[in-house]
Amino acid sequence: MKYTLVALAGMSVLASTAQAADLDIQIQNISHGVYFAPLFISAHNQDMYLFKLGEAASPELQAMAEGGNIAGLAEMASAMGADSVENPAQGPMSPGMTVMTSLSTSEGNTWLSVTGMMVPTNDGFVGLNSWEIPTEAGSYEFYLQGYDAGTEANDEIRGSGAPGVPGLPVLPFFDAEVGQNGTGVTTTENNPVVHIHRGSIGDTDMQGGSSDLDSSRHRWLNPVAKVTVTVN
Amino acid sequence: MNVLNNKPMLCLWVCAASLSGCFDGNDNNTAMTPMPQPEPEPLMVSYEVTVDNLTQGQPLSPITLILHSEGTLWEIGQPASVALEKVAESGDNADLLALDMAMASASGEGLTMPGNAQTITINIEDVTNAYLSVAAMLGKSNDAFTGLNAQGLAGLMVGESWTLFTNAYDAGTEANTENMASIGAAGGEGFSEVRDDARNMVTMHPGIVSMDDGLATSALTQEQRFDNPVARIRITRTQ
């Protein structure tokens with residue numbers, strides 16, 4: 001009987017902090033020269049996460065970070081009962097662009113996560129890992145860092161967005177910004193876990209050099225995104 | 001229920017009638033002049049703002065402080081005002097100090113060199129819920145600046161201090177060529193109305209590349225490189 005009472009008390013506490021919520025979410029790309037590929041925004045329970053600093057990326061995270069493909073993360077989140085928004089901007093987000101979306105969360109999905117590939121990079125992404133959604137109504141503002149998935153060498157030369165295949169995926173909308181015939185900045189990635197991205201190097205040679213990125217255009221300093229969550 | 005509902009109505013009606021009677025009486029009684037109210041002493045509100053330059057090699061231009069009740073000095077993703085552009089490209093803060101929205105403004109003196117700090121006092125009467133905005137150029141850059149954008153001061157009580165760390169922004173009004181011709185501090189042209197940046201909007205600054213990191217046409221060296229944060233701003237309400 002005692003145990004039952006304790007269990008019931010515990011459940012009531014959980015219930016009061018695990019309520020459903022209506023959220024308005026704004027995410028802005030505040031970088032000077034880097035695009036965001038489709039964002040994946042998810043409100044989920046405590047057992048789920050999209051990435052963890054210091055831990056190896058999941059294959060789903062790798063596909064997002066190397067090629068901008070969020071389908072795997074979306075499928076995983078759906079299987080976990082998460083409430084998610086896929087690609088709210090319906091395309092890439094250029095520097096300065098803000099996307100606004102709404103998310104109704106079910107009971108228990110009190111943790112908010114976001115990922116989106118930063119392009120052009122090898123495996124850079126903007127991320128938010130399990131921010132606890134406040135129960136108090138109000139507007140909450142914070143900033144996000146650029147992460148490195150740790151799954152691909154940052155060679156900074158044209159290549160593929162397929163997981164495990166080297167190089168930068170280059171899409172038509174930013175093709176003209178990216179050089180050619182770079183020899184590659186590096187062939188190794190010695191930190192295989194998710195970490196803060198060291199930034200791109202780039203160079204000044206559009207027809208060679210070590211990097212196909214432009215050192216005056218594609219570098220960034222953290223933070224890279226501004227988030228405003230309004231709890232209604 | 002009806003009685004309960006009618007009671008407040010009745011009361012309001014009676015009050016209104018008695019008030020109107022009272023005003024009528026005053027209007028007709030010229031002997032009853034209103035007592036002159038003594039001017040209330042103005043409440044002097046004073047802030048000391050200390051800005052520490054945390055960079056290795058970026059002098060900060062004369063620091064601008066503005067107290068205002070509405071508006072912002074800039075908005076990420078939107079074009080910079082010409083007043084802000086002048087600060088970001090040349091450090092000239094005359095226009096910013098004279099902004100219409102400023103209820104009070106103050107300027108630091110001269111440059112605040114790396115590793116140094118400057119304390120500036122700004123005063124205002126009777127307003128304790130103003131917004132504080134701060135702006136200064138990172139002197140050896142094309143159009144980098146740092147500052148605070150509409151920091152609300154309502155919660156800052158006398159004797160209290162807040163410390164904030166600020167990032168470097170790019171005004172988006174000039175391409176980051178880093179070459180001598182475009183950087184005032186390197187002997188070139190500072191402010192130019194031409195907006196030749198690829199993106200005419202305020203964003204985070206991508207950092208200085210420098211001649212030491214492969215940008216052969218750069219007038220800047222590794223010393224001018226920086227990372228966020230670039231300044232520490234301590235706000236103390238002294239009265």
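Computed from a prediction, not measured in an experiment: that's the story for all the values here.

Draft legend 1. The arrangement of the sheet that holds strand β2 (residues 64-68) of chain B in detail. Residue and element names in this part refer to chain B. Here 6 strands make up an open sheet; going across it, the order is β3-β2-β5-β6-β8-β9 and the pairing antiparallel. Edge strands, defined here as strands with exactly one partner in the open sheet, are β3 (102-107) and β9 (203-204). Looking at chain direction, strand β6 (residues 144-152) and strand β8 (residues 168-170) are connected through 3 bridges and run antiparallel. Looking across to β8, one finds that Thr146 is bridged to Ala168. In the packing of helix α2 (residues 82-90) onto the sheet, contacts are made with β5 (131-137) and β6, and the angle to β5 comes to roughly 40°.

Draft legend 2. How the structure looks around the environment of Val49 of chain B. All names here are of chain B. Among the secondary structure elements, Val49 is positioned in strand β1 (residues 44-53). Note on Val49: relative accessible area 0%, which makes it buried. Residues Val49 and Ser161 lie 112 residues apart in sequence; the distance between their C-alpha atoms is 9.4 Å. Among residues more than four places away in sequence, those in contact with Val49 are Leu65, Gln118, Thr119, Ile120, Leu132, Ile233, Arg234 and Ile235.

Draft legend 3. Spatial organisation of the confidence of the model for chain B. The share of residues in chain B with pLDDT of 70 or more is 86%, and the mean pLDDT across the chain is 88. Below a pLDDT of 50 lies the segment residues 1-29 of chain B, which in the model reaches 1 contact outside its immediate sequence neighbourhood of four places, other chains included.

Draft legend 4. Seen up close, the pairing of strand β3 (residues 40-44) of chain A. Residue and element names in this part refer to chain A. The element β3 is extensively covered by neighbouring structure, given that 5 of its 5 residues are classed as buried. Here β3 shows a buried face lined by Phe40, Ser42 and His44 and a second buried face lined by Ile41 and Ala43. Of the pairings in the sheet, the one linking β3 to strand β6 (residues 111-119) comprises 5 bridges and is antiparallel in character. Directly across from Ser42, in β6, lies its bridge partner Ser113.

Parameters and conventions
Residues numbered from 1 in each chain as written. Chains lettered and ligands numbered in written order. Predicted model: local features only at pLDDT ≥ 70, side-chain atom pairs only at ≥ 80, totals over all residues. Heavy atoms only, no water. Pairing = 2+ DSSP bridges. Helix = DSSP H or I, 4+ residues; strand = E, 2+ residues; numbered from the N terminus. Contact = heavy atoms within 4.5 Å. Axes fitted to C-alpha atoms, helices over the stretch in contact; angles between N-to-C directions. Buried < 20%, exposed > 50% of the residue type's maximum accessible area, 1.4 Å probe, protein only. pLDDT = per-residue confidence, 0-100.

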